[in-house]
Amino acid sequence: MFSSITHGNVFIGLLIRNHKYTSCWFSRLHLCYENTRFRKKPSIKENGDGRILNNQDDLWQHNAWDNVVWGDEQMKEAEAKLKLNSSSFMTEEAALKYEKEASQFWDTFYSTHENKFFKDRHWLFTELPELCNEQPTENVSETEVNTTGFPCQSAGFRIMEVGCGTGSTVFPLLEANTLKKSFVYCCDFSPKAVELVKSNPEYDPTKCHAFVCDLSEDNITFPFPENSLDIILVIFVLSAISPEKFSSTIKQLSRQLKPGGRIFFRDYGRYDMAELRFKPGKCISEHFFVRGDGTRVYFFSQDELRKLFEESGLVEEQNVIDRRLLVNRGKQLTMYRVWIQCKYRKPT
């Protein structure tokens, strides 16, 4: 138990002893703090702040650097690598196999790794402070939402995570929302993943509903009516879907949001280290690859994401590239990661 004590816990304890702050204020701070205390990834700094590498001599001083600027030579090298590994696409027959058996490949992945592969995403509470604010986005009328016969219809704040995996987002959400009137829906198209979520001791059906769902299908029957969600989390999941299905998937998700509700998106960006590492023969189509385990991954650009979300009737609040330089000081290795993070809101 003592190993979990951090400097932040000690600081908060001193505040309580000094009785300088109200219990309401403390409860709010402690709730948000406790669920970010294991966060490894700092918040995206759009204004150029953060841990910036200004001097190459400092490279090995930290494990990660923020807002890394790529020079012309680095861009040319990345483009050359991408041109090589995308020089030929796999046959239509092979690509169709990975499309038809996508769920099976992810089932095998989760059967192998279970809940040991992905770390809990406590950093979400920093990137999306709306998760710490249970104010409903909009009071939708009965004519817009049929509020009968779906899980936790009385919840004041509803969150859904798509592509939940084994719960690396779901369980931090449940932990954070223990004092709130929130409800979390989560889905994955891997039955094994949903089984692992439901078998977790922290799974509470009074606060969460997990279900199997293939987002790429048309006319999905969700366990709730349209216009009923405050937040939808789409984190490293759209990249696993065929690009030709991106538009219909986002449009389908946007219909589930209340007016004023938001989609939070985070996924792989162009020229990420993972994209440049693929060998020739693994490319399905432009920026769309198959991994060695049969799972697929797409690498996005800001412009195509802006077009996808805005064509679905959503308003942009954030669309940023997160370029990080990760450093393995023991092996003297550098790894350039590129992710894209977005927030889009449904107009009121």
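Preceding block: the structure.
From a predicted model like this one, the values you see are computed outputs, not experimental measurements.

Rules of the game
- Residues numbered from 1 in each chain as written.
- Predicted model: local features only at pLDDT ≥ 70, side-chain atom pairs only at ≥ 80, totals over all residues.
- Heavy atoms only, no water.
- Helix = DSSP H or I, 4+ residues; strand = E, 2+ residues; numbered from the N terminus.
- Buried < 20%, exposed > 50% of the residue type's maximum accessible area, 1.4 Å probe, protein only.
- Contact = heavy atoms within 4.5 Å.
- Areas by Shrake-Rupley, 256 points an atom, 1.4 Å probe, with all protein chains shown as cover.
- Pairing = 2+ DSSP bridges.
- Axes fitted to C-alpha atoms, helices over the stretch in contact; angles between N-to-C directions.

Time to look at the overall build of the protein chain. Along its length, the protein chain carries 11 helices and 11 strands. Relative to its 348 residues, the protein chain shows a buried fraction of 47%. Partitioning the intrachain contacts of the protein chain with sequence separation of at least 6 by distance along the chain shows that 76% fall at a separation of at least 24. Total accessible area on the protein chain is roughly 18100 Å²; 50% of this is exposed by carbon and sulfur atoms.

On to the environment of C283, then. The topology assignment puts C283 in strand β7 (residues 283–285). Relative accessible area serves as the criterion here: at 0%, C283 is assigned to the buried category. Sequence-wise, C283 and M90 are 193 residues apart; in three dimensions their C-alpha atoms are separated by 6.1 Å. If we skip the residues at most four places from it in the chain, C283 touches N85, S86, S88, F89, M90, F288 and F289.

Unusually for a residue other than glycine, F236 sits at a positive phi of about 50°. By secondary structure assignment, the location of F236 is in the loop between β5 (229–235) and α9 (246–254). Look at Q332: it is not a glycine, yet its phi comes out positive at around 55°.

Time to look at the sheet that holds strand β8 (residues 288–290). In space, the 3 strands of this open sheet follow the order β7-β8-β9, with antiparallel pairing throughout. Every interior strand has two partners, whereas the edge strands, β7 and β9 (296–298), have only one. Between one strand and the next, the sheet's axes are offset by a mean angle of 30°, whatever the strand orientation. In the sheet, β7 pairs with β8 via 2 bridges, with the strands oriented antiparallel. The partner of S285 across the bridge, within β8, is F288.

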